[in-house]
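These are the residues of each chain, in order.
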Amino acid sequence: MITKATIEDVSSLNKLINSAYRGESSKKGWTTEANLLEGSRTTEKELTEIIQDKKNTILKFTKNNDIMGCVLLIKKEHHLYLGMLTVLPELQNSGVGKKLMQQAEIHASALGLSKIVMTVISIREELISWYKRNGYVDTGAREPFPVGDVHIPISNEPLEFMVLEKKIS
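On a predicted model such as this, the values are computed, not experimentally measured, just so you know. (Residues numbered from 1 in each chain as written. Predicted model: local features only at pLDDT ≥ 70, side-chain atom pairs only at ≥ 80, totals over all residues. Heavy atoms only, no water.)

(A) A look at the pattern of salt bridges. For the structure on display, the rule yields 10 salt bridges. Where E165 meets K115, a salt bridge forms, and the shortest distance between an N and an O atom there is 3.4 Å. Here E165 is found in strand β9 (residues 160-167), whereas its partner K115 is found in strand β6 (residues 115-121), with 50 residues between them in sequence. Salt bridges here are not isolated pairs; linked through shared partners, they connect K115, E165 and K167. (Salt bridge = Lys/Arg side-chain N within 4 Å of Asp/Glu carboxyl O. Helix = DSSP H or I, 4+ residues; strand = E, 2+ residues; numbered from the N terminus.)

Here you go:
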């Protein structure tokens, strides 16, 4: 079941997102960033601030009252920004990510927005290919990768974001 996350979900969301992106647990899935970055992917403070901001929505996929996936949707002026698409590493390739992306398209349409935009680390070729198979295209735009307390690069390759978008009807 996919529903909107609330403040009560922050702790579970934090554990899920960090387990899917960083550290040993993330290596069970194919979307890990553990070979590129260390540190946390997010914090409870950041998630609380995200949920409290009215232009943001976090959708959560639950099964047996456990959060198995989520996606952050941010209403921008001319598009919906999609970020932090997360699926429990053991459930990746089960269709949960696709269901969350389909729900993001429904959300964008309900807001009257005709495209979804996302950023992906440009060297994450397998992930970019998956998004392209799901209708996203490379816009050609690149954005600098933020380095700080949370995102600590450990890769020798320079990191930047590729901007992808999908037009929706």
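(B) Examining the layout of surface pockets more closely. Roughly 820 Å³ of internal volume is contained in the largest pocket. Looking at the largest pocket, it is lined by 41 residues, and the ones nearest its centre are Y21, R41, G83, M84 and L85. Of all the secondary structure elements, the ones that give two or more residues to the lining of the largest pocket are α3 (44-52), β4 (66-75), β5 (80-87), α4 (96-110), β6 and α5 (125-133). No other element matches β5, which puts 7 residues into the lining of the largest pocket. Of the residues belonging to the lining of the largest pocket, the class tally is 23 nonpolar, 10 polar and 8 charged. (1 Å grid on protein atoms, 1.4 Å probe; cavity = no way out; pocket = protein on both sides within 12 Å on 5 of 7 lines; lining within 4 Å. Points joined across faces, edges and corners; volume = space filled by probe spheres on them. Nonpolar A, V, L, I, M, F, W, Y, C, P; charged D, E, K, R; others polar.)

(C) Region of interest: the packing of aromatic side chains. A full pass over the atoms with the stated rule returns 3 aromatic pairs. Geometrically, the ring pair formed by W130 and Y131 is edge-to-face, given 5.3 Å between the ring centres and 70° between the ring planes. Measuring from ring centre to ring centre gives 5.9 Å for Y131 and Y136, while their planes differ by 70°; the resulting arrangement is edge-to-face. Linked through ring pairs, W130, Y131 and Y136 together constitute an aromatic cluster. Positioned above the aromatic ring of Y21, the side-chain terminus of R41 is 5.1 Å from the ring centre. (Phe/Tyr/Trp six-rings, centres within 6.5 Å; stacked < 30°, edge-to-face > 60°. Lys NZ or Arg CZ within 6 Å of the ring centre and 35° of its normal.)

(D) Representation of α3 within the structure. Regarding α3, the residues found buried are L47, I50 and I51. Each buried residue of α3 lies within a common arc of 95° when the element is viewed along its axis, so the set occupies one face. For α3, exposure combined with an orientation more than 90 degrees from the buried face picks out K45 and Q52. Against the buried residues of α3 lie α1 (10-21), β3 (56-63), β4 and β5. (Buried < 20%, exposed > 50% of the residue type's maximum accessible area, 1.4 Å probe, protein only. Arc of directions from axis to C-beta. Contact = heavy atoms within 4.5 Å.)

(E) Expanded view of the nonpolar core. Membership of the largest hydrophobic core comes to 26 residues, with the highest contact counts inside it found for L82, L85, I116, Y131 and Y136. Only β3, β4, β5, α4, β6, α5 and β9 provide two or more residues apiece to this core. The biggest single contributor to this core is α4, with 5 residues. Aside from chain neighbours lying at most four places away, what touches Y131 is L85, M101, M118, V120, Y136 and L164. The next biggest cluster of nonpolar side chains, apart from the first, holds 16 residues, and it includes L16, I51, I58 and C70. (Core = buried A, V, L, I, M, F, W, Y, C linked by side-chain atoms within 4.5 Å.)

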